[in-house]
Amino acid sequence: MNWKKLLVFLGILLVIGFKFKPNNLNKKNKNFPKIRGVIMPHHDLVSQIFEKNFSKLSLETKPKTIVILGTNHFLPISPTFTATNEIKKKLQIDMLWTDDELVNKDHSIQTIVPYINKYFPNTEIIPILISSRYDSIKGLGDFVNSLTNKFDKNETIYLASVDFAHEVSLEEGINNNSESIKNISNFNYNNILKYDDKNMDSPIAITTLLLTMEKLGAKKWETWESSHGALVLNNIDTNSTSYVVGVFKEDLLLEKYN
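Conventions and cut-offs
- Residues numbered from 1 in each chain as written.
- Predicted model: local features only at pLDDT ≥ 70, side-chain atom pairs only at ≥ 80, totals over all residues.
- Heavy atoms only, no water.
- Helix = DSSP H or I, 4+ residues; strand = E, 2+ residues; numbered from the N terminus.
- Buried < 20%, exposed > 50% of the residue type's maximum accessible area, 1.4 Å probe, protein only.
- Polar contact = N/O pair within 3.5 Å; in protein donor to acceptor, adjacent residues only side chain to side chain.
- Phe/Tyr/Trp six-rings, centres within 6.5 Å; stacked < 30°, edge-to-face > 60°.
- Lys NZ or Arg CZ within 6 Å of the ring centre and 35° of its normal.

**Q** Can you walk me through the environment of Ser185 in this structure?
**A** Following the sequence through the fold, Ser185 ends up in helix 9 (residues 170-185). Note on Ser185: relative accessible area 26%, which makes it partly exposed. Placed 25 residues apart in sequence, Ser185 and Leu210 show a C-alpha to C-alpha distance of 9.0 Å. Here the side chain of Ser185 touches Lys182 through a polar contact of 3.0 Å, landing on its backbone oxygen.

Pasting the structure below:
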């Protein structure tokens, strides 16, 4: 037997084995775009949408913190951003108004929390309600700057809890979803801020999320689901709410050169 050739062969096997060790594969996987933002409905009708998409989300990311940007349903004339006293004390952001009862009863927060607890049991939840009142895009941007400075970019997800078209037919709802998704993916604030319930229940929450994603360099949108209550109820003649689920991932090219 040629021992020299055998040693060379074994050396090649060792090199190949090193290259494909699990640790090296994990390092390579770190180069995939990371999820920074999510759009999720809050209608309690769609438990299967929650289960499917929170399960999918949990396979792709393990955040330390999830910030919920929820629709303010019960006091939309309140200041733009509302949190509990505990959250304001923690974050120390002057632009936050406080109302514990309002936050604790709004389903844009409370419908989402059990699913976060189920799929992300070790994740801190920061609930913030967003009203329909705002002063300017700049004002929203100032809040986003203050908020994002409080959290580690690599350990935080921002989740806009927003239902889309309300009391519309299946055809109209899906068509309006497509229009909304186009403006969301293109970061078209001017069109989004003109929307009413025929497109979404909180254009301000969506705009706040988009400003946050711009700040974090996460502008790659993926649509995970566009649906409607008629599909959930298996009754195509029902007027109902439409739903959009999707994520924003970081732009690796922007990340590389920043």
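Once you've had a look at it, read on.
**Q** Mind showing me how you'd approach the packing of aromatic side chains here?
**A** Each pair of aromatic rings is reported with the distance of its centres and the angle of its planes. What the rule picks out here adds up to 5 aromatic pairs. Relative to Tyr115, the ring of Phe54 has its centre 5.9 Å away and its plane inclined at 10°; by these criteria the two rings are stacked. A residue pair is termed long-range when its members are at least 10 positions apart, and Phe54 in helix 3 (residues 47-60) and Tyr115 in helix 7 (residues 113-119) qualify at 61 residues. Accessibility classification places Phe54 together with Tyr115 in one group, the buried group. Between Trp221 and Phe248, the ring centres sit 4.8 Å apart and the planes meet at 55°, which makes this aromatic pair tilted. Here the residue Trp221 occupies a position in strand 7 (residues 220-228), and Phe248 occupies one in strand 8 (residues 242-249), the gap between them amounting to 27 residues. We classify Phe248 as buried; its relative accessible area is 0%. In textbook terms, an aromatic cluster arises when at least three aromatic residues are bridged by ring pairs, as seen for Phe50, Phe54 and Tyr115. Over the face of the ring belonging to Phe74 we find Lys105, whose NZ or CZ atom lies 5.0 Å from the ring centre. The cationic tip of Lys219 hangs over the ring face of Phe187; the distance from NZ or CZ to the ring centre is 4.8 Å.

Treat this as a map of the structure, not an account of what it does.
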